[in-house]
Amino acid sequence: MGTHLHITTWVIGIILFFVTYSMLKNGSPKAKMMHMITRLFYLLIFITGGMLITDFGEYAVKMIVGIIVIAAMEMVLVRTKKGKAVSAMWALFIVALIFVLYLGLSLPQGLDWF
Ligand code: HEM
C-alpha cells in the first residue's frame, strides 16, 4: 500500500484546516461542521500514519512530531473561535510541519528526499 494513503489524508486535513480557519474568521455558520470534518481527518492522519509504523524506536519521533502538528492545528482553530491569541500556535504549526515533512521524507518508506 505504501505511504500514499497517509499523504492523501494529511494533504486533505491541512486544506480543511485552512478552510475551517477562514470560516471561523468570517463567522460562517458552517464553521462548526467543517471543524468536525477537520477533526475526522486528524484521526485518519493518525490511523494511516500508525499503519506505517514498523519499528517503534525508529518512528517514535515522527509520530510525536506528527501529533504536535495536529495539536497545533486544533489549538489554532479553538483559540481563533474563542478570540484568543494564535501567533504562538501558528509558529508551532509551521515549525512542527517543516520538521515532520523533513522526517517523513528522510525515513525509509515512500519518498526519500533527504
Ligand atoms: C499532519 C501531520 C503529519 C504530516 C504532515 C506527515 C507527513 C508525512 C510525510 C511527508 C511522510 C513521508 C511519506 C513518503 O515518504 O512517501 C510521512 C510518513 C510517515 N508518517 Fe506521517 N505525517 C503526519 C502525521 C503522522 C502521525 C500522527 C503518525 C503516527 C501516528 C505518522 C507516521 C508516519 C510514518 C510511520 C511514516 C513512514 C515514514 C517512512 O518510513 O518514510 N505521521 N508522514
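Predicted model, so just to flag it, every value in this text is computed and none were measured.

About the cut-offs
- Residues numbered from 1 in each chain as written.
- Predicted model: local features only at pLDDT ≥ 70, side-chain atom pairs only at ≥ 80, totals over all residues.
- Heavy atoms only, no water.
- Helix = DSSP H or I, 4+ residues; strand = E, 2+ residues; numbered from the N terminus.
- Buried < 20%, exposed > 50% of the residue type's maximum accessible area, 1.4 Å probe, protein only.
- Axes fitted to C-alpha atoms, helices over the stretch in contact; angles between N-to-C directions.
- Parallel < 35°, antiparallel > 145°, perpendicular 65-115°, else oblique.
- Left-handed = near helix turned anticlockwise from the far one by under 90°.
- Contact = heavy atoms within 4.5 Å.
- Nonpolar A, V, L, I, M, F, W, Y, C, P; charged D, E, K, R; others polar.
- Near = heavy atom within 4 Å.
- Polar contact = N/O pair within 3.5 Å; in protein donor to acceptor, adjacent residues only side chain to side chain.
- 1 Å grid on protein atoms, 1.4 Å probe; cavity = no way out; pocket = protein on both sides within 12 Å on 5 of 7 lines; lining within 4 Å.
- Points joined across faces, edges and corners; volume = space filled by probe spheres on them.
- Phe/Tyr/Trp six-rings, centres within 6.5 Å; stacked < 30°, edge-to-face > 60°.

A.B. asks: For this particular structure, what's the right way to read the environment of Met34?
C.D. replies: Tracing the backbone through its elements, the reader meets Met34 in helix 2 (residues 31–50). With a relative accessible area of 12%, Met34 lands in the buried category. Along the sequence, Met34 and Val19 sit 15 residues apart, while their C-alpha atoms lie 7.8 Å from each other.

A.B. asks: Even after reading the chapter, I still don't get the packing of helix 3 (residues 56–82) against helix 4 (residues 87–106), so can you show me in this structure?
C.D. replies: A pair of packed helices is captured by two measures, namely the crossing angle of their axes and the spacing between those axes. Here helix 3 crosses helix 4 at 155°, and the two axes come no closer than 8 Å. Put simply, helix 3 runs roughly antiparallel to helix 4. Both helix 3 and helix 4 take part in a crossing whose hand is left-handed. For the pair helix 3 and helix 4, contact is made by Val61, Lys62, Val65, Gly66, Ile68, Val69, Ala72, Met73, Met75, Val76 and Arg79 and by Met89, Trp90, Leu92, Phe93, Ala96, Leu97, Phe99, Val100, Leu103 and Gly104, respectively.

A.B. asks: What should I look at first to understand the packing of helix 1 (residues 4–25) against helix 3 in this one?
C.D. replies: Their axes nearest at 9 Å, the elements helix 1 and helix 3 cross at an angle of 15°. In this view, helix 1 runs roughly parallel relative to helix 3, as classed from their interaxial angle. Crossing geometry of helix 1 relative to helix 3 is assigned as left-handed. Of the residues in helix 3, those touching helix 1 at His6, Ile14, Phe17, Thr20, Tyr21, Leu24 and Lys25 are Lys62, Met73, Val76, Leu77, Thr80 and Lys81. Partitioning the contact of helix 1 with helix 3 into residue classes produces seven nonpolar, three polar and three charged.

A.B. asks: Which parts of the structure should I look at to understand the site of the ligand?
C.D. replies: Of all residues adjacent to the ligand, which total 25 residues, the nearest are Thr3, His6, Tyr59, Lys62 and Gln109. Contact distances for the ligand include 2.6 Å between a nitrogen atom and a side-chain N or O atom of Lys62. Between the ligand and the protein, one listed contact pairs an oxygen atom with a backbone N or O atom of Leu111 at 2.8 Å. Tallied by class, the residues present in the shell around the ligand amount to 16 nonpolar, eight polar and one charged.

A.B. asks: In this structure, what is going on with the layout of surface pockets? I would like to understand it.
C.D. replies: Rolled over the atoms, a probe sized like a water molecule indicates the empty space that remains. When its volume is computed, the largest pocket comes out at roughly 640 Å³. In this structure, the largest pocket is lined by 29 residues; those nearest its centre are His6, Trp10, Lys62, Val100 and Gly104. Secondary-structure elements contributing two or more residues to the lining of the largest pocket are helix 1, helix 2, helix 3 and helix 4. Of all the elements, helix 3 adds the most residues to the lining of the largest pocket, at eight residues.

A.B. asks: I would appreciate a short explanation of the packing of aromatic side chains in the present structure.
C.D. replies: Between two aromatic rings, the relevant description is the distance of the centres plus the angle of the planes. Under the definition given, this model contains eight aromatic pairs. Ring plane angle 45° and centroid distance 5.1 Å describe the contact between Phe17 and Phe93, whose orientation is recorded as tilted. You can see Phe17 sitting in helix 1 and its partner Phe93 sitting in helix 4, a full 76 residues away along the chain. Assessed through its relative accessible area of 3%, Phe93 is described here as buried. Centroid distance Trp90 to Phe93: 5.9 Å. Interplanar angle 80°. Geometry classified as edge-to-face.

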